[in-house]
Every structure is written in C-alpha cells, then in structure tokens.
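Fold and contact review
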Protein chains: 2
Amino acid sequence: MTQSAPRPAAAPTPVELMDQLARAAAAYYRCFATVAAERGLTLMQGKMLSLLRTPMPMRTLADLLACDASNVTGIVDRLEARGLVRREVAAADRRVKNVLLTEQGEQTVRLIRAELISGLAGLDQLDAEDRSALRRLLGQVFPEPAATTTAAAAR
Amino acid sequence: MTQSAPRPAAAPTPVELMDQLARAAAAYYRCFATVAAERGLTLMQGKMLSLLRTPMPMRTLADLLACDASNVTGIVDRLEARGLVRREVAAADRRVKNVLLTEQGEQTVRLIRAELISGLAGLDQLDAEDRSALRRLLGQVFPEPAATTTAAAAR
DNA sequence: GAGATTACTTGACATCCTCAACGATCGAGG
DNA sequence: CCTCGATCGTTGAGGATGTCAAGTAATCTC
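Residues numbered from 1 in each chain as written. Chains lettered and ligands numbered in written order. Predicted model: local features only at pLDDT ≥ 70, side-chain atom pairs only at ≥ 80, totals over all residues. Heavy atoms only, no water.

Residue-level contacts link 55 residues of chain A with 55 residues of chain B. Here chain A and chain B share an interface that buries about 5,400 Å² over both sides, 67% of which is from carbon and sulfur atoms. Summed over the three residues of chain A that lose the most area to chain B, namely Met-18, Arg-135 and Phe-142 of chain A, the buried surface amounts to 12% of that side. Linking chain A with chain B are 8 salt bridges, by the criterion used here. (Contact = heavy atoms within 4.5 Å. Buried area = accessible area lost by both parts, 1.4 Å probe. Salt bridge = Lys/Arg side-chain N within 4 Å of Asp/Glu carboxyl O.)

In the structure shown here, the tally under the stated rule is 3 cavities of 30 Å³ or more. Estimated volume of the largest cavity: approximately 70 Å³. What lines the largest cavity is simply Leu-21, Ala-24, Ala-25, Tyr-28, Leu-138 and Phe-142 of chain A together with Leu-21, Ala-24, Ala-25, Tyr-28, Leu-138 and Phe-142 of chain B. Looking at the lining of the largest cavity, the elements that each hand over two or more residues are α1 (14-38) of chain A together with α1 (14-38) of chain B. Tallied by class, residues from the lining of the largest cavity come to 12 nonpolar, no polar and no charged. (1 Å grid on protein atoms, 1.4 Å probe; cavity = no way out; pocket = protein on both sides within 12 Å on 5 of 7 lines; lining within 4 Å. Points joined across faces, edges and corners; volume = space filled by probe spheres on them. Helix = DSSP H or I, 4+ residues; strand = E, 2+ residues; numbered from the N terminus. Nonpolar A, V, L, I, M, F, W, Y, C, P; charged D, E, K, R; others polar.)

Per the stated rule, a full pass over the model turns up 5 aromatic pairs over all chains. Aromatic side chains Tyr-29 of chain A and Tyr-29 of chain B sit 5.2 Å apart centroid to centroid with 50° between the ring planes, which places their arrangement in the tilted category. In this pair, Tyr-29 of chain A is assigned in helix α1 and Tyr-29 of chain B in helix α1, connecting two distinct chains. Between Tyr-28 of chain B and Tyr-29 of chain B, the aromatic rings sit 5.5 Å apart at their centres with planes inclined by 75°, giving edge-to-face as the arrangement. The exposure classification of Tyr-28 of chain B matches that of Tyr-29 of chain B, with both residues buried. (Phe/Tyr/Trp six-rings, centres within 6.5 Å; stacked < 30°, edge-to-face > 60°. Buried < 20%, exposed > 50% of the residue type's maximum accessible area, 1.4 Å probe, protein only.)

Turning next to the relation of the copies chain A and chain B. Least-squares fitting of chain A to chain B yields an RMSD of 0.1 Å, with the superposition described by an axial translation of 0.0 Å and a rotation of 180°. Both copies are brought into coincidence by an operation consistent with a two-fold rotation axis. Interface overlap between copies is the fraction of interface residues in one copy that are interface residues in the other; for chain A against chain B it reaches 100%, indicating a shared surface. (Least-squares fit on C-alpha atoms with pLDDT ≥ 70 in both.)

As structure tokens, then:
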C-alpha cells in the first residue's frame, strides 16, 4: 500500500467527501453529455443507449433509470425513430416489450464509450493498486444492489 | 486497515472503472433526487439550491450547471416564486443579477444536505485512511478546475 | 460618442418527467 | 374454465428542463 506521502491535511470528513462526490458526479455527467451531444443525442438518450448493451424490457429500463414507464416510452420512441433501437415482443409474455440496439445503435454506443474513456483521462493515470482501491471504495459507498442480473448497471 | 478479505480478482481496467463510476454517479443522483423530491423540488432545483450556499451571478450558475442562461432564468424564477431564492442587482455592474438564498432557502439546503449524508451511509463506514484515499483518487480522476474561487462546486 | 460586447430575459419548440387512465396480457385461486 | 387483481406498455395532460434566437439595458473599448 503505497501510502507514504505526507498527509497534507486531516482526513476529509464524510460531509467533505459527499461534496466531492457531488462534484465528481457532475463532472462525469458533463463529460457524458458532451460526448452524447457530439452524436446529436441528449443525455437521457445516451444513458439509455448505454444501458442497452444487452436487450431488456422497458420495465427494466424504467427501473434502472428511476423514471416512469411512460417516460421510457417517449425516449425509446425517439431512439427508434432514429434507427438506434427497436422493440421486440417477448416470447414468454406478450405484454413485455424488449428493447434492442440496432447495428447502428451498437456502433453509436461503441463510439460513445471510446470517447468517454478518453475524456476520463485521469483513469489512465491510476496504477493497478489505485484502481483496485477506487473500486473497493466506490463499492463501499455505493453498494451494488443484491446482484440481480445485469452487467449493464444503472447509468 | 480492515482489509483481510481475499482479493477477488485482478485490478479493474480503466473501462471497468468507467462503468463503475457511471453506476456510482447514477446512484448519487438517485439519492439526491429522492431527497429533493421529499421537499417538493426537482433534481435541478435541488442542484441549484445546493450551489447557492454563497450568492452568485446567474452567469456563474449557468456555467456551473453547464446550461444556457435562459434555462437558469426559468429555474430561478420558479425557486423565487417559492420564496427559496431572491435576485439582487450587483453594485458594481447593473447588468449582473446575483442570486441569493432566502432564510427559507438556507433551511431547505441544510435539510437536504442532512438527508443526503444520511442516504450515503457508506461514507460513514470508511475510516480516515479510506476517506483520504478516496479523496485523492477522485481528485485524480476528476481534477478540480484550476481553483477559481468558489467552495460551492458544481453539483 | 459610436459600436461592440456582455448579462439577463423572452419566446418558440423539442425533450423529459410525473400522474392518471386505458387496453392487452398474465397468473392465482375457486 | 372463469374471474379478478396485477403487470406491461401506451396515451394524454400539464409542468419542468433545455437549446437557440432575438431583444433590451448596461458596460467596455476605441
């Protein structure tokens, strides 16, 4: 644990960290929104596309995005109109509509992710130990919901 | 350092961390939105109130929130209508409108912050060393803009 | 003093968001 | 098999957010 650097100040309080997390979250979304806008997508459209790395029901999208089903309908409508996603009735339950990326949608997601990782240049500057520590610490502050299923988590 | 748990796997890649950051940011905003909604505020209204711990010009709000000035006008209008903020012409430049929290607005911000820190229970479980590490790591991934002025950073 | 720039506001229009209601579908229970 | 309650996605009303363009007032520069 390379932690020999003299501590410049006292350890931050939880409140100070809360503020820093706020700034970090805002910075993350600023970066994401910029990347999405370069593809003519709004923040929400970009978020939804990124969630769809595996097909999923609209209900699930609404849960992950913490918004109402009718809102998801609107967003999917607009993405569908642009040829980025399509709806598909689930075989096991005809009420359920799965949303899938089209080829174009997958390409768009790939490009967004590539640009996003570029925009988070600071990540590349972390060594393996730092990255492990960050994963652990973030995992403690934001525990993953009892591992339900999806690898594509909320974003 | 209570870290006797066996290291489960190799260090995460930057891409894996990017995804975790996305999930963390989403979780943070879910928490924040819930707290704001309990006060009858939308996410943006809550964000703006939280930024206003010191008075600032609308131009500054637009910069921090990364949105258009006209959008800020609308949000301030609605907050002003609810008695949470007020506008004040700056003495040095009559074009400039500073936005200030009212007493009621300050109270609201205090309550929001108190509830938010409660909702981020994981922060309290970090010891001082972890908190310092998290501060350092977040600071590397999301460098603060060349320290301009405000303590109330973007949120 | 004139023209350029800045700060905020207004307005049009698109998108997002919640809530309520609806029709189609499913599943449990009798 | 039938009924009823629950679920899923959609529609629609109305409010909030967001961009862009244009306008007015104030300030700055030459």
